[in-house]
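One-letter residues, chain by chain:
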Amino acid sequence: MLVLVLVLVLVLVLVLVLVLVMVMVMVMVMVMVMVNVMLGYRGIQCMLVKFRYATLNKHSKGVVVRFLIKITAIFKATDHAHG
């Protein structure tokens, strides 16, 4: 019984670490995208090259495009609000 509890605790810790790593990666990507959006299309192109967009499958490309659209819309809305 004790072994089962220890295994469950270990699995829970591993899942939490994985979630934290995923969150950190997403934050880093969001910061990079925001910087690239501020730089304009050339910055976005550089980001796409860096993340090897051309090698992604169709689903992954769609995720990236939707993410860029959302981030770009947020930046534009913020820019208009302050400008």
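Owing to the predicted nature of the structure, the values given are computational and were not obtained by experimental measurement.

**What about the overall build of the protein chain?**
Of regular secondary structure, the protein chain possesses 3 helices and 0 strands. Counting from the amino terminus, the protein chain carries its helices and strands in the arrangement α-α-α. Accessible surface for the protein chain amounts to roughly 7000 Å². Of this, 78% is attributable to carbon and sulfur atoms.

**Side note on the nonpolar core**
Core analysis: the biggest nonpolar cluster contains 7 residues, these being Val-29, Val-33, Ile-44, Met-47, Phe-67, Leu-68 and Ile-71. Elements with a contribution of two residues or more to this core: helix H1 (2-39), helix H2 (41-50) and helix H3 (58-82). The greatest single-element share of this core, amounting to 3 residues, is contributed by H3.

**Let's talk about the environment of Asn-57**
Looking at the element boundaries, Asn-57 is found in the loop between H2 and H3. Looking at Asn-57, the relative accessible area reads 48%, which means it is partly exposed. Within the structure, the side chain of Asn-57 is placed 3.2 Å from the backbone nitrogen of His-59, a separation counted as a polar contact.

**Section: the layout of surface pockets**
Any empty space left between atoms is shown by rolling a water-sized probe over those atoms. Quantified by volume, the largest pocket comes out at close to 200 Å³. Along its surface, the largest pocket is lined by Val-25, Met-26, Val-29, Val-33, Met-47, Phe-51, Val-63, Val-64, Phe-67 and Leu-68. Broken down by class, the residue content of the lining of the largest pocket amounts to 10 nonpolar, no polar and no charged.

Criteria and cut-off values
- Numbering of residues begins from 1 in every chain and follows the order in which that chain's sequence is written.
- Under the rules for a predicted model, residues below a pLDDT of 70 receive no local features and side-chain atom pairs below 80 are neither given nor counted, while totals for whole chains, interfaces and linings still include all residues.
- Only hydrogens and water are set aside when side-chain values are computed; all heavy atoms of the structure are taken into account.
- Each helix is a run of H or I in the DSSP string that is no shorter than four residues. Each strand is a run of E no shorter than two, and both are numbered from the N terminus.
- Surface accessibility in these figures is a Shrake-Rupley result with a 1.4 Å probe; residues are shielded only by whichever protein chains are displayed.
- Here the nonpolar core consists of buried residues drawn from Ala, Val, Leu, Ile, Met, Phe, Trp, Tyr and Cys, with membership extended through side-chain atoms lying within 4.5 Å.
- Three exposure classes are used, based on accessible area relative to the maximum for each residue type with a 1.4 Å probe and protein chains only: buried under 20%, partly exposed in between, and exposed over 50%.
- Throughout this description, a polar contact denotes any pair of N or O atoms lying within 3.5 Å of each other; where both atoms belong to protein, one of them has to be capable of donating a hydrogen while the other can accept it, and for residues adjacent in sequence the pair is counted only when both atoms sit in side chains.
- Using only the protein atoms, space was sampled on a 1 Å grid; points where a 1.4 Å probe fits but cannot get out form cavities, open sets with protein on both sides within 12 Å along at least five of seven lines form pockets, and lining residues are those with an atom within 4 Å of a point.
- Grid points are joined across faces, edges and corners, and a volume is the space filled by probe spheres set on the points.
- Nonpolar residues are Ala, Val, Leu, Ile, Met, Phe, Trp, Tyr, Cys and Pro. Charged residues are Asp, Glu, Lys and Arg, and all others, Gly as well, are polar.

Spatial relationships are all this shows, so hold off on functional conclusions.
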